[in-house]
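Chains, contacts and geometry: an overview
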Amino acid sequence: MNSIKIFFSLILFSFLFAGCDWFDSSEPDPTTIGGDGELVEFDPTKDASIQEFNLNLRKRLTAVRFPCDTIALIEHILKNYPPGTYLVESDRNPFTGVPNAAVLYEKEKDGAKIYALVAKSKEGERLIEVQNVVGYYESWINYDSTKLGTAFFYLTYFTCKNDEFTEAWDIVVPSHGGFNVMRWDTWKEKNIPYISVKFFEAVLMGHFDYNYYFVNGKDSVPHLMLTYETLQHKRTAVNANDDKYVDFVNYVYLVTDDIIQEIDSITFIWKDTAYISTRNPRHYRPY
């Protein structure tokens, strides 16, 4: 009888010890680094190695390459920009499920002009993850971005010859998340090309378009003007005073429990450094 008691006591103690950290032989969490348990997003060296691994995989899987292509641009950013800087991809195509890099090309005989959307991590915070700032629900990050890192978006203009990239300029895109797509368009009234960078706005149920007008040519720093449309807000582009700068109209809505009704509109005209209200000059918008 005593032997049986001793046997069961040993079994009980073995289960107790197995639950203690001192005897924990499980595999480490793959998202942690080293003995300190530091997360990957806080370790720039580890993040860079992951990005390099993904880049090499992409090289092997890409059948057709050309000088100054997207893979070369990703490699350039990885090697020459601060940790936590990434070329952004558009939201996934609903039909193919495949995202495309947010890159627009102007090909030339000996190279290319490239307009790319680049995201940079805020210094002092965790590194961002691109999948956390792209898509409809990721637009919520504009209201609580610090937990997942804060992304700063830049429309960046590169010139490239023989896979050698030179950054000519960059201009901020004033949003932190919810990117959808980037595309060329034309302001037909003045035949001025512009790049529209569209972001979802889940909280307001709509979208914001950051429009970059090349009023002095495609090599120059463009002029930013915002348009948007949500459930209760709307701003559209207009040609109010027939100059080379696009203007806009803000619409005012009456919102009750029963209706959302447009009741007024206010035009803003670009003057020197800001958009000024035609109704009250003290009211202005920077873009």
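A short tour of the structure in this document, coming up. For every chain, the first residue of the written sequence is number 1, and numbering continues from 1 along that sequence. Residue-level local features of this predicted model are given only where pLDDT is at least 70; pairs of side-chain atoms are given and counted only at 80 or more, and the full residue set underlies all totals for whole chains, interfaces and linings. Only hydrogens and water are removed before side-chain values are computed, so all heavy atoms of the structure are retained for them.

1. Examining the overall build of the protein chain
Regarding its fold elements, the protein chain presents three helices and 16 strands. In the protein chain, which comprises 287 residues, the proportion classed as buried is 38%. Contacts are assigned to residue pairs that have any heavy atoms within 4.5 Å of one another. Counting contacts in the protein chain only where the partners sit at least 6 residues apart, residues at least 24 apart contribute 46% of the total. Note that accessible areas follow from Shrake-Rupley with a 1.4 Å probe, and for residues the cover is restricted to the protein chains shown. If you sum the accessible surface of the protein chain, you get close to 17200 Å²; carbon and sulfur atoms cover 54% of it. Numbering goes from the N terminus for both helices and strands, where a helix is a DSSP run of H or I of at least four residues and a strand is a run of E of at least two. Working definition: with a 1.4 Å probe on protein chains only, accessible area under 20% of the residue-type maximum means buried, over 50% means exposed, and in between means partly exposed.

2. Quick word on the state of the cysteines
Only a pair of cysteine sulfur atoms within 2.5 Å qualifies as a disulfide here. In total, this model carries one disulfide according to the counting rule given. Note on cysteine connectivity: cysteine 68 is disulfide-linked to cysteine 160, with sulfurs 2.1 Å apart. The chirality of the disulfide connecting cysteine 68 with cysteine 160 is left-handed, given an S-S dihedral of about -85°. Of the two residues, cysteine 68 is situated in the loop between α2 (44-61) and α3 (70-80) and cysteine 160 in strand β6 (residues 151-161); the sequence distance between them amounts to 92 residues. Of the two residues examined, cysteine 68 and cysteine 160, each falls in the buried class.

3. A look at unusual backbone geometry
What you tend to see is this: most non-glycine residues have negative phi, and most peptide bonds are trans. Residues other than glycine seldom take positive phi values, yet asparagine 191 does so here, at roughly 55°. Here asparagine 191 lies in the loop between β8 (179-187) and β9 (192-201). With phi around 60°, aspartate 242 is a residue other than glycine that occupies positive phi space. By secondary structure assignment, the location of aspartate 242 is in the loop between β12 (234-238) and β13 (247-255). Judged by relative accessible area, which is 52%, aspartate 242 ranks as exposed.

4. Some points on the pairing of strand β14 (residues 260-271)
Taken together, the eight bridges between β13 and β14 define a ladder with antiparallel strand orientation. By the bridge assignment, asparagine 250 is partnered in β14 with isoleucine 266. Count of turn residues in the β13/β14 antiparallel hairpin: four residues. Any two strands are treated as partners once DSSP identifies two or more bridges connecting them. Bridge count for β14 against strand β15 (residues 274-277) is four bridges, and the pairing is antiparallel.

5. Focus on the pattern of salt bridges
What counts as a salt bridge is simple: a side-chain nitrogen of Lys or Arg found within 4 Å of a carboxyl oxygen of Asp or Glu. Enumeration according to the criterion identifies 13 salt bridges in this entry. A salt bridge links aspartate 209 to lysine 198; the shortest N-O distance between them is 3.0 Å. Note that aspartate 209 is positioned in strand β10 (residues 206-213) and lysine 198 in strand β9, a separation of eleven residues in sequence. Judged by relative accessible area, lysine 198 falls into the buried class, the value being 12%. One salt bridge in this structure joins arginine 279 and aspartate 264, with 2.7 Å as the shortest N-O distance. Note that arginine 279 is positioned in the loop between β15 and β16 (284-285) and aspartate 264 in strand β14, a separation of 15 residues in sequence. The network of salt bridges with common partners includes Lys59, Glu75 and Lys79.

6. Some words on the environment of valine 181
Mapped onto the secondary structure, valine 181 falls in strand β8. Valine 181 gets classed as partly exposed once you look at its relative accessible area, which sits at 25%. On a C-alpha basis, the gap between valine 181 and valine 197 in space is 6.1 Å, while along the polypeptide they are 16 residues apart. Discounting chain neighbours no more than four positions away, the residues touching valine 181 are Ser90, Ser196, Val197 and Lys198.

7. Topic: the side chain of threonine 230
Tracing the backbone shows threonine 230 in the loop between β11 (223-229) and β12. For threonine 230, a relative accessible area of 11% translates into the label buried.

8. Looking at the environment of lysine 120
Structurally, lysine 120 can be placed in strand β5 (residues 111-121). Residue class for lysine 120 comes out partly exposed when judged on its relative accessible area of 23%. Separated by 39 residues in sequence, lysine 120 and tyrosine 81 place their C-alpha atoms 9.0 Å apart. Apart from residues lying up to four places away in sequence, lysine 120 is in contact with Tyr81, Gly84, Thr85, Ile128, Thr150, Ala151, Phe152, Tyr154 and Asp170.

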